[in-house]
Amino acid sequence: MTSTILERISTLSLSTQQLSRLPKLLEEGFPKMPCTVKECDVPQLFREPYIYSGYRPIEQEWRYYFLSIFQQHNEALNVWTHLLAAVTVLLQVQAIVEERMLSLDAYSLPFYIFILACLMYLIFSVLAHLLQSKSELAHYSFYFLDYVGVSAYQYGSALAHYFYSTEQTWYNKIRLFFLPGAAVFGWLSCSGCCYAKYRYQRPYPVMRKLCQVIPAGLAYILDISPIVHRIVVCLQTGCTDEAVCYHIFQIIFFLIAAYFFSCPVPEKFFPGCCDIVGHGHQIFHIFLAFCTFSQLQATYLDYKNRKAVFYEQHNPAESYVASCSFFGLLLCSGITANYLLKKMRNKLDKKDD
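Note that the coordinates shown come from a computational prediction; the quantities given were computed from them, not determined experimentally.

Each value, and the rule that gives it
Residues numbered from 1 in each chain as written. Predicted model: local features only at pLDDT ≥ 70, side-chain atom pairs only at ≥ 80, totals over all residues. Heavy atoms only, no water. Phe/Tyr/Trp six-rings, centres within 6.5 Å; stacked < 30°, edge-to-face > 60°. Helix = DSSP H or I, 4+ residues; strand = E, 2+ residues; numbered from the N terminus. Buried < 20%, exposed > 50% of the residue type's maximum accessible area, 1.4 Å probe, protein only. Patch = residues over 30% accessible without salt bridge, like charges linked within 9 Å, V, L, I, M, F, W, Y side chains within 5 Å. Areas by Shrake-Rupley, 256 points an atom, 1.4 Å probe, with all protein chains shown as cover. Salt bridge = Lys/Arg side-chain N within 4 Å of Asp/Glu carboxyl O. Contact = heavy atoms within 4.5 Å. Expected span 1.5 Å × (residues − 1). Axes fitted to C-alpha atoms, helices over the stretch in contact; angles between N-to-C directions. Parallel < 35°, antiparallel > 145°, perpendicular 65-115°, else oblique. Left-handed = near helix turned anticlockwise from the far one by under 90°. Nonpolar A, V, L, I, M, F, W, Y, C, P; charged D, E, K, R; others polar.

Asker: What should I look at first to understand the packing of aromatic side chains in this one?
Answerer: To describe a pair of aromatic rings, you give the distance between the ring centres and the angle between the ring planes. Summed over the entire model, instances satisfying the criterion amount to 31 aromatic pairs. Aromatic side chains phenylalanine 111 and tyrosine 303 sit 5.0 Å apart centroid to centroid with 15° between the ring planes, which places their arrangement in the stacked category. Taken together, the residues span a long stretch of sequence, with phenylalanine 111 in helix H4 (residues 109–131) and tyrosine 303 in helix H10 (residues 280–305) at a distance of 192 residues. There is no split in this pair, since phenylalanine 111 and tyrosine 303 are both buried.

Laid out in structure tokens, this is it:
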């Protein structure tokens, strides 16, 4: 009996010793990661206002930037917020699929496009923040890709709002120009962001922010107009539509996100204290993710409950044409981003010479 107990204690001691070595084994299994550096150690292009440390060194192997997702640096939370948001969207979609309400027809196509748009902007954002520190060319390339994702999300949202959430009175006012206008503003949003990135160098002037914010703001005003009208009508009539509550949340979350995107707070008031956790762009990501979650839930409720309204306002051909136009917008945005990237590459080559 005593020998058995001693044997078990010996085995437990051995297991404990192996566990204590586990962190070291894991550390040895991963390649050595360069330490993060201060702002003075990276080119001006990579520096953010009021962020003094936590930068990744440039010109490392690609493997380093992919593995830096597990490193503590000033872009890590930007990566994880939208990576986890993309996973959450997929979980929401899985729950929707399990309800067996989706179908393969003209009615469902804009909803699928909207889901695709949500995933695109989140994944492109993850790639931009994870890989942009590789080089100046990589910085521009991945941020231009990010801007294409933004335009896709804007137009995907417009499709969802137009086909599933628009009241008849507002539909009668906007049906001739809403989708063409949303497509143009989506393209202008991508073009404005890419041009501002190409045209202006750090420290950025106010004009750069205007090139980004004005087209995106106009796109949002148009895209959200059916939702605002729907909320106003609901409040006036005292309706108890659950989808309207989620639409209200998506607007609130978006406006908060827009504030943190436009203003470098709180890091402006606490320079150097928000380098790793707590700077404005991270907060922007979080509230934009909450906006997307609320928007997806609201859109699904409208999709589930307003099928009769859809067929009163639209015909299947309109749904197919509008959904195809989404890929046309992607093509136009991609061509514009690629054109400006080529000009940026030429500018960088001349600078190196």
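Here the narrative resumes, following the displayed structure.
Asker: Looking at this structure, how should I read a nonpolar patch on the surface?
Answerer: On the surface, Val206, Met207, Leu210, Ile214, Leu218 and Ile221 cluster together to form a nonpolar patch covering roughly 560 Å² of accessible area. Looking at the secondary structure, you find methionine 207 in helix H8 (residues 206–237).

Asker: Could you clarify how one ought to interpret the side chain of serine 133 in this entry?
Answerer: Counting through the fold element by element, serine 133 comes out in the loop between H4 and helix H5 (136–164). Note on serine 133: relative accessible area 5%, which makes it buried. If near-sequence neighbours (up to four positions away) are discounted, serine 133 is found in contact with Phe46, Arg56, Pro57, Ile58, Glu59 and Tyr65.

Asker: Quick question: what am I supposed to make of H5 here?
Answerer: The α-helix winds at 3.6 residues per turn, so residues separated by three or four positions along the chain end up facing the same way. If you check H5, its first and last C-alpha atoms are 42 Å apart, about what 29 residues at 1.5 Å a residue would give, namely 42 Å. Burial of H5 is extensive: 25 of the 29 residues sit out of reach of the surface.

Asker: What am I meant to see in the packing of H4 against H10 here?
Answerer: Each pair of packed helices gets described by two things: the angle between the helix axes and the distance between those axes. Where H4 meets H10, the axes come as close as 11 Å, and the angle between the chain directions of the two elements is 170°. One way to sum up the angle between H4 and H10 is to call them roughly antiparallel. Regarding H4 and H10, the two cross each other, and that crossing is left-handed. Residues Phe111, Phe114, Ile115, Cys118, Tyr121, Ser125 and His129 of H4 form the contact with H10, whose own contacting residues are His281, His285, Leu288, Ala289, Thr292, Gln295, Leu296, Thr299, Tyr300 and Tyr303. Residues of the contact of H4 with H10, tallied by class, amount to 10 nonpolar, seven polar and no charged.

That's the geometry; what it means functionally is another story.
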